[in-house]
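What follows is the residue order along each chain.
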Amino acid sequence: MSTLNQVLVGIIMGSKSDLPVMQDAVDVLKTLGVPFEVTIVSAHRTPQRMFDYAQDAAKRGLKVIIAGAGGAAHLPGMVASITHLPVIGVPVKSSNSIDGWDSVLSILQMPNGIPVATVALNAAKNAGILAAQIIGTQDKEIEKNIIAFKAELAAKVIETAEEVEK
Ligand code: RP5
């Protein structure tokens, strides 16, 4: 049975300033036909909102959370500590001071038992694809969309290879 009417992926971010990066997750989930919601939840500025969001997410039917944040990026890890849902973390390069390593390390270096699936710096597109792949294990339509998406990637490589070989 397809679950396509139910919102399955929650995209959250620490600030509206993260949106230009996080938009890539929005766009690829649209492409892959995965129903999602998007909002701002700050671990530091709205801790109670973060707690409520994470605590209610599974009850509301979400299956995966994508959380993006920059700097001392505690949002993905704290959300993962509250919910049993899989959390995909997107380190956002929010300042030039240490090249985004602050975001990467604070999302990546989780303690044993509380994983966050951390994608590369600013790689919200990959976070969206990974979320769709997780949903696709249980939803035939989304699985089909993922397979088509990957076939398209492969076809582009073959096309460019043929151009280069001419
Ligand atoms: C983090 O601080 C946000 O995720 C953002 O990446 C960074 C800067 O936030 P703003 O000061 O632009 O709101 O919490």
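This is a predicted model, so every value here is computed, not measured. (Residues numbered from 1 in each chain as written. Predicted model: local features only at pLDDT ≥ 70, side-chain atom pairs only at ≥ 80, totals over all residues.)

A.B. asks: I'm lost on the overall build of the protein chain in this one. Help?
C.D. replies: Across its full length, the protein chain carries six helices and five strands. Each helix (α) and strand (β) of the protein chain, taken in turn from the N terminus, gives the series β-α-β-α-β-α-β-α-β-α-α. For 166 residues, the compact-globule estimate of 2.2 N^0.38 gives 15 Å, and the C-alpha radius of gyration of the protein chain, at 17 Å, lies within 12% of that figure. Across its three principal axes, the protein chain shows a C-alpha extent of roughly 55 × 45 × 30 Å. Counting over 166 residues, the protein chain shows a buried share of 41%. When contacts within the protein chain are restricted to residue pairs at least 6 apart in sequence, long-range pairs at least 24 apart make up 71% of them. (Helix = DSSP H or I, 4+ residues; strand = E, 2+ residues; numbered from the N terminus. Rg over C-alpha atoms; globule rule 2.2 N^0.38 Å. Buried ≥ 20, exposed ≤ 12 C-beta atoms within 10 Å, placed from the backbone. Contact = placed C-beta atoms within 7 Å.)

A.B. asks: Which parts of the structure should I look at to understand unusual backbone geometry?
C.D. replies: For residues besides glycine, phi is generally negative; the peptide bonds are generally trans as well. One non-glycine residue, D99, lies in positive phi territory at about 60 degrees. As for its position among the elements, D99 is in the loop between β4 (87-92) and α4 (101-108). Its identity is not glycine, yet N122 carries a phi of approximately 65 degrees, on the positive side. With respect to the helices and strands, N122 occurs in the loop between β5 (117-118) and α5 (124-136).

A.B. asks: Please explain the UniProt feature "binding site: substrate" (unreviewed entry) in the protein chain as it appears in this structure.
C.D. replies: Per the UniProt entry, the sites bearing "binding site: substrate" (unreviewed entry) are S15, D18 and R45 in this numbering. Here S15 shows up in the loop between β1 (9-13) and α1 (19-31). Taking the C-beta count within 10 Å as the criterion, S15 has 18 such neighbours and is therefore assigned partly exposed. When near neighbours in sequence (up to four residues on either side) are disregarded, S15 contacts I40 and S42. Mapped onto the elements, D18 comes out in the loop between β1 and α1. Excluding residues that lie within four positions of it along the chain, D18 makes contacts with M13, G68, A69, G70 and V92. (UniProt positions renumbered as here; feature names shortened; annotations may be inferred.)

A.B. asks: Honestly, the pairing of β1 in this entry has me stumped. Any pointers?
C.D. replies: Consecutive side chains along a regular strand alternate between the two faces of the sheet. For β1, a buried count of five out of five residues is recorded, marking the element as mostly surrounded by other parts of the structure. Of the two faces of β1, both are covered, the one formed by V9, I11 and M13 as well as the one formed by G10 and I12. Of the strand pairs in this sheet, β1 and strand β2 (residues 36-40) are connected by five bridges, and their pairing is parallel. By the bridge assignment for β2, V9 is matched with F36. Relative to strand β3 (residues 64-70), β1 runs parallel, the two being bridged by five bridges. Opposite I12, over in β3, you have A67 as the bridge partner. (Pairing = 2+ DSSP bridges.)

A.B. asks: Even after reading the chapter, I still don't get the site of the ligand, so can you show me in this structure?
C.D. replies: As a matter of local geometry, the ligand sits amid M13, G14, S15, S17, D18, S42, A69, G70, G71, V92 and S94. Each residue belonging to the shell around the ligand can be placed in one class, and the counts come to three nonpolar, seven polar and one charged. (Near = placed C-beta within 6 Å. Nonpolar A, V, L, I, M, F, W, Y, C, P; charged D, E, K, R; others polar.)

A.B. asks: Looking at this model, I keep getting lost on helix α6 (residues 140-165). Mind explaining?
C.D. replies: Quick reminder: α-helices carry 3.6 residues per turn. Residues three or four places apart thus point the same way. Compared with the 38 Å implied by 1.5 Å per residue over 26 residues, the 37 Å span of α6 between its first and last C-alpha is a close match. Of all 26 residues that make up α6, two are buried, and the element is exposed over most of its length. (Expected span 1.5 Å × (residues − 1).)

A.B. asks: When you look at the nonpolar core in this model, what are you seeing that I'm missing?
C.D. replies: Counting residues in each nonpolar core, the largest one holds 48 residues, and the members touching the most others are V9, V34, V64, I66, L75 and A131. A per-element tally of this core places α5 first, with seven residues. The contacts of A131, once residues within four sequence positions are left out, are V9, L29, V34, V64, I66 and I88. (Core = buried A, V, L, I, M, F, W, Y, C linked by C-beta atoms within 7 Å.)

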